[in-house]
Amino acid sequence: MKKFLLEIVLLFLFVALAAHYISNLDKPPRVKQILSIDKKLDIINLGTSHGNNFNFSGLAINGRSLNRAGNTLYYDLQNYTFVKKHLADSAIVLIPVSYFAFGLDENRADKGADKSFVNDFYEYLPPTSIHEYSLAKDISLKVHRIQKNFRGVFAKKKVKKPKKKPKGKRKKNKKKVVPFDTLAHTAMLKDFAIKRVAHHKKIGSFVRPENNIGYLKAIIEDALQSGFRPVLITVPYYREYAERFGQEWLSENYDVPIARLSKEFNVPYIDYGFDTRMTIKPEFFKNSDHLNKKGIVFFNKILFDDLIELGLLSNDDLR
Amino acid sequence: MLFNSLDFAIFLPVVFILYWFITNKSLKLQNLLIVIASYFFYGWWDWRFLSLILFSTLVDYSVGIALSKQSNEAKRLVLLWVSIVVNLGFLGFFKYYNFFLENFMTAFSFFGTEIKSNSLDIILPVGISFYTFQTLSYTIDIYKRRLEPTKDLIAFSAFVSFFPQLVAGPIERATALLPQFYKKRTFDYAKASDGARQIIWGLFKKMVIADNCAEYANQIFNNSADFNGSTLVLGAVFFTFQIYGDFSGYSDIAIGTSRIFGFDLKQNFAFPYFSRDIAEFWRRWHISLSTWFRDYLYIPLGGSRGSTWLKVRNTFVIFIVSGFWHGASWTFIAWGALNALYFLPLLLRKKNRVYLGPIATKYSFPSFKEGINMLITFILTVLAWVFFRAESIEHAATYLSGIFSGTLFDKPELLPWEIIILIVLFMSVEWFGRNGLYALDGLNKTNSSVLKITISFIVIIVTILYMSNTEQEFIYFQF
């Protein structure tokens, strides 16, 4: 019996070691970004894909975006808790809150079977931080990661360097510059806004907001207690998007709870949702609620100025 | 509880520890543990159906004792029929009620009489076809005076509900399995170690071969009208390996698990796709069911004795009943009938027992003649599986006509090389292990623990690396 048990234990130990090794060969980019933090962070942002608007490369201080497309405030809290140890004293914690954020359930039941945003959290968060953690799902995701990494090893080996063309025949790689068609782009933004607002209003009232307000409170409370400086933010949206929500809906589902939290904890709240320096300019938007490269540059300039004005950043922090 | 689930991965070690470390002092306690564990295992799906097993157990236990006390042949026959009616009654109700109802309604409407009747929304209890046949063998064997009835209700309950083979076989005879519950079991390292390896191999067959093939077989069969002939061939071939990996994989896990607990179950699959004719295929495929039908149906009907007409009748009866056992659908009946047609020429020419021994024992590869025979048998089997997998007879017919259309030799529209290579490697391992009870049985000849652990390690790693991400239920659970 002893020999049998010993062999079984040894076998599973070897398997576990091999599986662990392969599963750690590679991770999704967002996960790698979080796991590779090696310096104290002076500024971070949380949030959904709307958090992609932040770019800290213009700062001389160390910053990182920890947002995730499809994210919920529950996982914002878990992410914040996970990276807290890497935050510098009085680090700035930017919390962009999307219009629909208070109406989402923790694991986004509205997304149906696609729970890919939760899958990433299984890669680094402890089971206690994952809402309705499932060991079976954890194992299946680990297996999936192992398979992906294993195939990745061969895929990398297969990549061949392109053959160099003879010098004389080499063509200059000229990029064609497509002129910006304002009318067409504006029409696209409007069309997109109609669809997005219909969807976001629906998911924005999917569940009662108490839990989400609680998660946001928890982030703010903990940040303040730890000496960090939280800032609530509404990112800029294309005019058509923000307006289509309607004052009544926004006030009830968004503005009132945000304003109450800002007042209760005395934390700054910067609302760019209707900031006409950006929201009326289609050339800044990739789609109705996401900025393009040009928009991101412009937005971050304004943001840093506002943070300086609030006394959260100084001119020395700018690059 | 599925064998390839996390639930079972927790359940098995817990039962193992309780069995060998807590209850090992008493045979009764060990048997009781098997009953409790088996009922827990079965109740994990739907605890309501435990009552069926319990009722079936009590009826057959009582009938067995009553049969041994009764010497009046007429009364003994009545007792036997009680057991048959109860067991087949359950099976008939849960599995075939709606089928017969719908077909009667169709038949009457054909003659112009409309009958209004409501079909019932019946859930088929998992594995009912397996355990009813197992308990039936008990009463039939006592009736035929081949077996003494047991007075030990716990041992009998354990025999009926033994969790490794409860839901998908092998269908064990009472004469072979029941006595094992009377004897004290002691832990046997070699047996347990081999059992663990057979479980690992079974999991590989199920999770890598069957589940990966299932993805493509489902895709092709569910959209068969959209694919060319060569892709349809590929779909049928994928299903051929899916059903083999699925069912023989289950049997391997069942046999392996039993061995860990000190039990021996019969071999259920003996490398059937290496068969050189259909008769040999049926001696190697689902052996426990084939021999059950042979002993309890075919031979009582007269078997291969008697006139040509009787031989033809008996062959069709056994194959059609076997097909119908798999499910209440005309596709299964057609599959059975087609196999009967394959088998009959061999029987009538008295060539059905040509290939009784192992394949190419002295050589690494089959002879040219053996190779050709294996290929023909394999092709016939693949074509028959089309009926087994199809949604209806019409679907099977259009699928086969699609295969034999002008696009048979076109390039397949789906060609998953990774799966094809895995199948080739799998069949190569099966080929080199064909003389054992399962593909890795040959490892028992070596004393090297390092080699055994290394092979197991490789199989587990390959399983993890290539297991399908879409978990499929075992096909035979529905039977």
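Parameters and conventions
Residues numbered from 1 in each chain as written. Chains lettered and ligands numbered in written order. Predicted model: local features only at pLDDT ≥ 70, side-chain atom pairs only at ≥ 80, totals over all residues. Helix = DSSP H or I, 4+ residues; strand = E, 2+ residues; numbered from the N terminus. Buried ≥ 20, exposed ≤ 12 C-beta atoms within 10 Å, placed from the backbone. Contact = placed C-beta atoms within 7 Å. Rg over C-alpha atoms; globule rule 2.2 N^0.38 Å. Pairing = 2+ DSSP bridges. Domains from an automatic or database assignment. Nonpolar A, V, L, I, M, F, W, Y, C, P; charged D, E, K, R; others polar. Axes fitted to C-alpha atoms, helices over the stretch in contact; angles between N-to-C directions. Left-handed = near helix turned anticlockwise from the far one by under 90°. Parallel < 35°, antiparallel > 145°, perpendicular 65-115°, else oblique. Core = buried A, V, L, I, M, F, W, Y, C linked by C-beta atoms within 7 Å. Expected span 1.5 Å × (residues − 1). Arc of directions from axis to C-beta.

### A word on the overall build of chain A
Item 1. The helix and strand tally for chain A stands at 11 helices and seven strands.
Item 2. For chain A, the spread of C-alpha atoms along the principal axes amounts to about 75 × 65 × 45 Å.
Item 3. Counting the 319 residues in chain A, one finds 32% classified as buried.
Item 4. Taking contacts inside chain A between residues at least 6 apart in sequence as the whole, the part at least 24 apart equals 77%.

### Re the overall build of chain B
Item 1. When helices and strands are tallied, chain B shows 17 helices and zero strands.
Item 2. On C-alpha atoms alone, chain B measures out to a radius of gyration of 23 Å, which is about the 23 Å that the 2.2 N^0.38 rule sets for 479 residues.
Item 3. With the C-alpha coordinates of chain B rotated into their principal frame, the extents come out at 70 × 65 × 45 Å.
Item 4. Put simply, chain B has 479 residues, and 43% of those count as buried.
Item 5. When contacts within chain B are restricted to residue pairs at least 6 apart in sequence, those whose partners lie at least 24 apart make up 75%.

### Structural notes on the pairing of strand S1 (residues 41–45) of chain A
Residue and element names in this part refer to chain A.
Item 1. Here S1 lies mainly inside the structure; five of its five residues are buried.
Item 2. Relative to strand S3 (residues 87–96), S1 runs parallel, the two sharing four bridges. For Leu41, the partnering residue across the bridge sits in S3 and is Leu87.
Item 3. Bridge analysis of S1 against strand S2 (residues 63–65) gives three bridges, and the strand direction is parallel. Counterpart to Asn45 in the pairing with S2 is Ser65.

### Thoughts on the domain arrangement of chain B
Residue and element names in this part refer to chain B.
Item 1. You can read the domains of chain B as domain 1 (6–186) and domain 2 (190–276 + 355–478).
Item 2. Centre-to-centre separation of domain 1 and domain 2, based on C-alpha positions: 29 Å.
Item 3. If you look at the interface, domain 1 gives 16 residues, while domain 2 gives 16 residues.
Item 4. If you list the elements that add at least two residues to the side of domain 1 that touches domain 2, you get helix H1 (6–22) and helix H7 (174–182).
Item 5. Broken down by element, the residue count for the side of domain 1 that touches domain 2 peaks at three residues, all from H1.

### Overview of the interface of chain B and chain A
Item 1. If you look at the interface, chain B gives 17 residues, while chain A gives 19 residues.
Item 2. Of all the elements in the fold, those that place two or more residues in the side of chain B that touches chain A are H1, helix H8 (189–222) and helix H17 (449–466) of chain B.
Item 3. Sort the elements by how many residues they give to the side of chain B that touches chain A and H17(B) lands first, with eight residues.
Item 4. Partitioning the side of chain B that touches chain A into residue classes produces 13 nonpolar, four polar and no charged.

### Some points on the packing of helix H12 (residues 308–326) of chain B against helix H13 (residues 330–348) of chain B
All names here are of chain B.
Item 1. Two elements in contact, H12 and H13, have axes separated by 8 Å at closest approach and are oriented at 150°. Here H12 and H13 pass one another in a crossing that is right-handed. Mapping the contact onto sequence places Thr308, Lys311, Val312, Thr315, Phe316, Phe319, Ile320, Ser322, Gly323, Phe324 and His326 in H12 and Phe332, Ile333, Trp335, Gly336, Ala337, Asn339, Ala340, Phe343, Leu344, Leu347 and Leu348 in H13.
Item 2. Partitioning the contact of H12 with H13 into residue classes produces 14 nonpolar, seven polar and one charged.

### Digging into the sheet that holds S3(A)
Residues and elements named next belong to chain A.
Item 1. Spatially, the five strands line up as an open sheet ordered S2-S1-S3-S4-S5, and their pairing is parallel. Looking at strand neighbours, the two that pair on one side only are S2 and strand S5 (269–271), the edges of this open sheet. Taking each pair of neighbouring strands and ignoring which way they run, the sheet shows an average axis angle of 20°.
Item 2. The sheet contact formed by S3 and strand S4 (residues 229–234) spans five bridges and is parallel. Bridge pairing in S4 places Pro96 opposite Ile233.
Item 3. Where helix H7 (residues 210–225) meets the sheet, its contacts fall on S3 and S4, and the angle it forms with S4 comes to roughly 150°.

### Quick word on the packing of helix H3 (residues 50–69) of chain B against helix H4 (residues 73–110) of chain B
All names here are of chain B.
Item 1. At a minimum axis separation of 9 Å, H3 and H4 run at an interaxial angle of 170°. One way to sum up the angle between H3 and H4 is to call them roughly antiparallel. For the pair H3 and H4, contact is made by Leu52, Ser56, Val59, Asp60, Val63, Ala66 and Leu67 and by Arg76, Leu79, Val82, Ser83, Val86, Asn87 and Phe90, respectively.

### Describing the nonpolar core
If you look at soluble globular proteins, the nonpolar side chains tend to sit buried side by side.
Residue and element names in this part refer to chain B.
Item 1. Formed by 126 residues in total, the largest nonpolar core has its most connected members in Phe159, Cys213, Ala217, Phe238 and Phe387.
Item 2. The dominant element in this core, judged by the number of residues it contributes, is H8, at 17 residues.
Item 3. Lining this core are residues from two domains, each supplying at least three of them: domain 1 (6–186) and domain 2 (190–276 + 355–478).
Item 4. In this structure, Ala217 is in contact with Gly235, Phe238, Phe239, Gln242 and Arg389, ignoring residues within four places of it in sequence.

### Section: unusual backbone geometry
Item 1. Of note in the backbone geometry, Asn266(A) takes a positive phi value of approximately 55° without being a glycine.
Item 2. Within the secondary structure, Asn266(A) sits in the loop between helix H9 (247–265) and S5.
Item 3. The phi dihedral of Lys350(B) falls on the positive side, at around 55°, and the residue is not glycine.
Item 4. Structurally, the position occupied by Lys350(B) is in the loop between H13 and helix H14 (368–389).

### Structural notes on the environment of Ala88(A)
Residues and elements named next belong to chain A.
Item 1. Tracing the sequence through the fold places Ala88 in strand S3.
Item 2. Taking C-alpha positions, Ala88 is 8.8 Å from Lys39, a pair spaced 49 residues apart along the chain.
Item 3. Setting aside residues up to four positions removed in sequence, Ala88 forms contacts with Lys40, Leu41 and Asp42.

### Some remarks on the pairing of S4(A)
All names here are of chain A.
Item 1. Judged by how many residues are buried, S4 sits mostly within the fold: five of six residues are covered.
Item 2. Here S4 runs beside S5; their pairing, made up of three bridges, is parallel. Its bridge partner being in S5, Leu232 is matched across the sheet by Tyr269.

### Describing the environment of Phe388(B)
All names here are of chain B.
Item 1. By secondary structure assignment, the location of Phe388 is in helix H14.
Item 2. In sequence terms Phe388 and His326 are 62 residues apart; their C-alpha atoms lie 9.1 Å from each other.
Item 3. Apart from residues lying up to four places away in sequence, Phe388 is in contact with Thr331, Phe332 and Trp335.

### So, H7(A)
Residues and elements named next belong to chain A.
Item 1. Helix length check: H7, at 16 residues, gives a terminal C-alpha distance of 22 Å against a target of 22 Å (1.5 Å per residue), a fit within 8%.
Item 2. All of the buried residues in H7 are Asn212, Tyr215, Leu216, Ile219, Ile220 and Ala223. Projected down its long axis, H7 shows its buried positions confined to an angular sector of 130°, all on one face. In H7, the exposed positions angled more than 90 degrees off the buried face are occupied by Glu210, Gly214 and Gln225.
Item 3. Looking at the packing, one finds that the buried side of H7 touches helix H3 (73–83), S3, S4 and H9.
Item 4. The first or second residue beyond H7 is Gly227, which carries a positive phi of 85°.

### Describing H7(B)
All names here are of chain B.
Item 1. Those residues of H7 that fall on the buried side of the exposure criterion are Ala174, Leu177, Leu178 and Phe181. Summarising the axial view, the buried residues of H7 lie within an arc of 95°, below the 170-degree limit, and thus occupy one face.
Item 2. Taken together, the buried residues of H7 touch helix H2 (27–46), helix H5 (128–143) and helix H6 (153–161).

### A short note on the environment of Ser262(A)
Item 1. As for its placement among the helices and strands, Ser262(A) is situated in helix H9.
Item 2. Between the C-alpha atoms of Ser262(A) and Pro230(A), which are 32 residues apart in sequence, the distance is 9.9 Å.

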